[in-house]
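# Structural overview for review
Below are the chains, spelled out letter by letter.
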Amino acid sequence: MKRHRSVWSLLTILMIFTAYLVFPFQMAHAANDNQLIYDEAGLLSQEDKSELNAMAHEYGAKRETDIIIFTSDNPEGRDVQEMTEDFYDEQAPGYDKAHGNAVILTLDLYHRDIYLAGFYKAKQYLDDGRLDKIREKITPDLTDGDYKLAFEKYIKTTYKYMGYKPDVNPDNIFFNIWFQLGGAVVIGGIVVGIMAYRSGGRVTVSGRTYEDASTSGVLDHQDRYIRTTTTKRKIEKNTGSGSGGGGTTKGGHSHSGSRGSF
Amino acid sequence: MPVIEYKCPNCGSGMVFDSATGMLSCPSCGRKDNIEQIPDPLKQQDFSEDNTQEYHCTSCGAVILTDPETSATTCSFCGSAVVLSDRLTGKLAPAMVIPFAVSKEEAVKAFKKWCRNGLLTPSGFMSADRIKGITGMYVPFWLYELHNHVEVHGHATKVRMYTSGDYEYTETQHFDIYRKIRLNYVKVPIDASEKMNDGLMDKLEPFPYERLKEFKSPYLAGYNAEKYSYDDEALFPRAKDKIREFIEAYIASTVSGYTAVSYTDKQIDTESKQADYCLLPVWMVHYDFRKSNYAFAMNGQTGKVVGKPPISKAKVAAWFAGIFGVSFLSLKLISWMMGGGFL
């Protein structure tokens, strides 16, 4: 019985552990008042803005990175990448220091362009490929005008992707907590199922047991070749990884980047 | 009188079959007779087929109560081992028998050991102290010799993938295949008793056929035996069914080296060359647990135990939790090693 109890307690610990993994931020977090949401285009209500600001602080602190949102009507019609770079040079954001770790999402409402840039730690962890993934995730919501939802996704995905080492695919199925939980449930179910099934004894004879090998055998066989069919498929080239998306600001800060429209 | 007893020529007590020595032995004076050398009283007997409904014990004269299938039992009144000879002769005469090698004490011990090894059985069951009854039983089996002529036609493919330039090529070679196979199986056992669960009996196999002996009734002394309820023709479909998967596996083993095989035509012609009526030794264990009855069977030669034991929900849950935990942590570890965060 003692052994059972230890197994049960192990189970309890696992449950708590799991709950912690699935709902990581149920604990209240003191929000910083440092501004991270620069909504010059006025897409958000005051309430949404402060909510997103708190959220960006909370998640950014865990990755030691400022997660910034910058929207602009851009009446001068400037380029979105240039806007982002100038914003970084002028505002000098950064979690660790001025001009430090930061990721910036810029919305240009004039051209309806979007640009994502990662600086320093964020440049290392959010390369062009990962920024592309984030951009692809939020673009549909931006197109629909659901800005708040898109910004929330941006903050959460940034946080998530920065948790993986650079140069691995962040959407690898093995990193998915639900895949891990589901996989463990399936393995447990299969193993216990087999144990229960086998508890009543199993058949241990095969054809070999009763086969009369001296008189059995293949009398005649034929393997006739008919034809060969060949299909071909173009190999998808991974484009966009490389320095194409990123650049260097006028102030000399190099960054990764991803650009698109919505 | 269709009732046979084996009286000791020395002291007159009833003799029984002894599984340890394989001889007919007298529990009183210790006399042992080699069964293969003594004349079988069954063969000497000359009785008319009068379809006797009632048997009387030759020792005490009491009526022997039996099921209509029973061919050997013990007198419920005086305990003498009796064999009902009219149920073992004529059409009902077994050709061969495998005698018991596991004694009752060994069977109980082996059963207890088996119970202790159950990973999911409740701990109350594992002590195995509630054996309600254990019976040594010669179960009627038909041993079939089955000759099969197999002809199969099919379509097989070999797939090769390679890349050249910007393209990935999938090259599929198609083949027409044909196999003609002769496949003979000998001594395929099918239990012929209505009472016995077919699935349970199938799991008891294999029986050691090198121990097969020409049937002599003294082997049954002290045990229960049954006559067959179904003849070899009636059970032929079941025999065919049983070897079907063997045949499929054999066919598959002759078609190798392909990526995929599909059969367009499969002709299996099974012929029953011979079917021998045999008695095979099985210990039946009846067990009481939490007001339910459980029946187990044990191979009387190899000691293999089969039968569904009760399953403890708590143990299933505990095992599941343990395996779940280990798998989950392993998957986490894999993800961590691949570069994902651990938390």
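Here, every reference points to the structure presented above.
Residues numbered from 1 in each chain as written. Chains lettered and ligands numbered in written order. Predicted model: local features only at pLDDT ≥ 70, side-chain atom pairs only at ≥ 80, totals over all residues.

### Considering the overall build of chain A
Convention followed: Note on conventions: DSSP H or I runs of at least 4 residues are helices, E runs of at least 2 residues are strands, and numbering of each starts at the N terminus. Any residue whose C-beta has 12 or fewer other C-beta atoms within 10 Å is treated as exposed, any with 20 or more as buried, and any in between as partly exposed, C-beta atoms being built from the backbone. What counts as a contact here is a pair of residues whose C-beta atoms, placed from the backbone, lie within 7 Å.
The secondary structure content of chain A amounts to eight helices and seven strands. Scored against the burial criterion, the 262 residues of chain A give a buried share of 33%. Contacts spanning at least 24 positions in sequence make up 67% of the contacts within chain A whose residues lie at least 6 apart.

### So, the overall build of chain B
Counted only if it meets this: The quantity called the radius of gyration is restricted to C-alpha atoms. Its globule counterpart is 2.2 Å times the number of residues to the power 0.38.
Scanning chain B from N- to C-terminus turns up six helices and 16 strands. On C-alpha atoms alone, chain B measures out to a radius of gyration of 28 Å, which is more than a quarter above the 20 Å that the 2.2 N^0.38 rule sets for 343 residues. Oriented by its inertia axes, the alpha-carbon framework of chain B measures out at about 95 × 55 × 30 Å. For chain B, with 343 residues in total, the buried portion stands at 36%. Considering only contacts in chain B between residues 6 or more positions apart, those separated by 24 or more positions represent 70%.

### Structural notes on the pairing of strand 8 (residues 81-84) of chain B
All names here are of chain B. Let me state the cut-off plainly: In short, DSSP must find at least two bridges between two strands for them to pair.
Alternating residues of strand 8 divide into Ala81 and Val83 and Val82 and Leu84, and every residue in both groups is buried. Two strands pair when backbone bridges link them, and strand 1 (residues 3-4) and strand 8 are joined in this way by two bridges, in the antiparallel orientation. When the bridges of strand 8 are listed, Val3 appears paired with Leu84.

### Some points on the packing of helix 2 (residues 46-63) of chain A against helix 6 (residues 147-161) of chain A
Residues and elements named next belong to chain A. What counts here: For every element, the axis is a line fit to its C-alpha atoms; helices are fit only across the contacting stretch, and the angle between N-to-C directions ranges from 0 to 180 degrees. By definition in this entry, angles of less than 35 degrees are roughly parallel, angles greater than 145 are roughly antiparallel, angles of 65 to 115 are roughly perpendicular, and the rest are oblique. Ten residue types, Ala, Val, Leu, Ile, Met, Phe, Trp, Tyr, Cys and Pro, are classed as nonpolar, four, Asp, Glu, Lys and Arg, as charged, and the remainder, Gly among them, as polar.
One can describe the packing of helix 2 onto helix 6 by two numbers: an axis separation of 9 Å at closest approach and a directional angle of 10 degrees. With respect to helix 6, the axis of helix 2 lies roughly parallel. Taking contact as the criterion, the partners of Asp48, Leu52, Met55, Ala56, Tyr59, Lys62 and Arg63 in helix 2 are, on helix 6, Lys148, Phe151, Glu152, Ile155, Lys156 and Tyr159. Residues that form the contact of helix 2 with helix 6 fall into these classes: seven nonpolar, no polar and six charged.

### A short note on the sheet that holds strand 4 (residues 113-119) of chain A
Residue and element names in this part refer to chain A. Overall, mixed pairing links the six strands, which are arranged 1-2-3-4-7-6 in an open sheet. The two strands at the open ends of the sheet, each matched to only one other strand, are strand 1 (37-39) and strand 6 (247-248). Where strand 2 (residues 66-72) lies against strand 3 (residues 102-108), seven bridges are found, and the strand directions are parallel. Each residue of the ladder has a partner; that of Thr71, found in strand 3, is Leu107.

### Quick look at the interface of chain B and chain A
With 63 residues of chain B at the contact, the number on the chain A side is 58 residues. Those elements giving two or more residues to the side of chain B that touches chain A turn out to be strand 11 (167-191), helix 4 (198-204), helix 5 (232-254), strand 16 (305-306) and helix 6 (313-337) of chain B. At 22 residues, strand 11 of chain B tops the list of elements feeding residues into the side of chain B that touches chain A. Summarising the sheet, strand 5 (residues 217-234) of chain A and strand 11 of chain B pair through 16 bridges and their orientation is antiparallel. Bridge pairing links A:Thr229 to B:Thr172 in strand 11 of chain B.

### Quick look at the sheet that holds strand 4 (residues 32-33) of chain B
Residues and elements named next belong to chain B. Reading across from one edge, 2-3-4 is the order of the three strands in this open sheet, with antiparallel pairing throughout. This sheet does not close on itself; its edge strands, each paired only once, are strand 2 (16-18) and strand 4. By the bridge criterion, three bridges tie strand 2 to strand 3 (residues 23-25) in an arrangement that is antiparallel. Following the sheet pairing, Val16 is matched in strand 3 by Ser25.

### Here's the deal with helix 2 (residues 104-116) of chain B
Residue and element names in this part refer to chain B. Cut-off, in case you're wondering: Working rule for helices: expected span equals 1.5 Å times residues minus one. It is the directions from the helix axis to the C-beta atoms that the arc portrays.
Relative to the 18 Å expected for 13 residues at 1.5 Å per residue, helix 2 spans 19 Å between its end C-alpha atoms, a close match to the ideal helical length. Among the residues making up helix 2, those that are buried are Ala107, Phe111, Trp114 and Cys115. The buried residues of helix 2 all sit within an arc of 100 degrees when viewed along its axis, so they share a single face. Exposed residues pointing more than 90 degrees away from the buried face of helix 2 are listed as Glu105 and Lys113. The inward-facing, buried residues of helix 2 contact helix 3 (123-126), strand 10 (131-164), strand 14 (260-289), strand 15 (292-299) and strand 16.

### Digging into the packing of helix 5 (residues 128-143) of chain A against helix 6 of chain A
Residue and element names in this part refer to chain A. Convention followed: Two helices that cross are described as forming a left-handed crossing if the nearer one is turned anticlockwise from the farther one by less than a right angle, and a right-handed crossing if clockwise.
The interhelical angle for the contact between helix 5 and helix 6, taken along N-to-C directions, is 160 degrees, at an axis separation of 8 Å. Taken together, the axis directions place helix 5 and helix 6 in an arrangement best described as roughly antiparallel. Two packed elements cross with a definite hand, and for helix 5 against helix 6 that hand is right-handed. Within the contact between the two elements, helix 5 uses Arg130, Ile134, Lys137, Ile138, Asp141 and Leu142 and helix 6 uses Tyr147, Leu149, Ala150, Lys153, Tyr154, Thr157, Thr158 and Tyr161. Looking at the contact of helix 5 with helix 6 residue by residue, the classes come out as eight nonpolar, two polar and four charged.

### Describing the nonpolar core
For clarity, the cut-off: Buried Ala, Val, Leu, Ile, Met, Phe, Trp, Tyr and Cys residues form a nonpolar core when they are connected through C-beta atoms within 7 Å.
By size, the foremost hydrophobic cluster in this structure holds 75 residues, and its most contacted members are B:Tyr138, B:Val139, B:Trp142, B:Val188, B:Leu280, B:Val282 and B:Met298. Beyond its immediate chain neighbours, meaning those up to four positions away, B:Leu280 contacts B:Ile98, B:Tyr138, B:Val139, B:Phe141 and B:Phe207. Core analysis: the next-biggest nonpolar cluster, separate from the first, contains 44 residues, A:Leu116, A:Ala117, A:Ile134 and A:Tyr154 among them.

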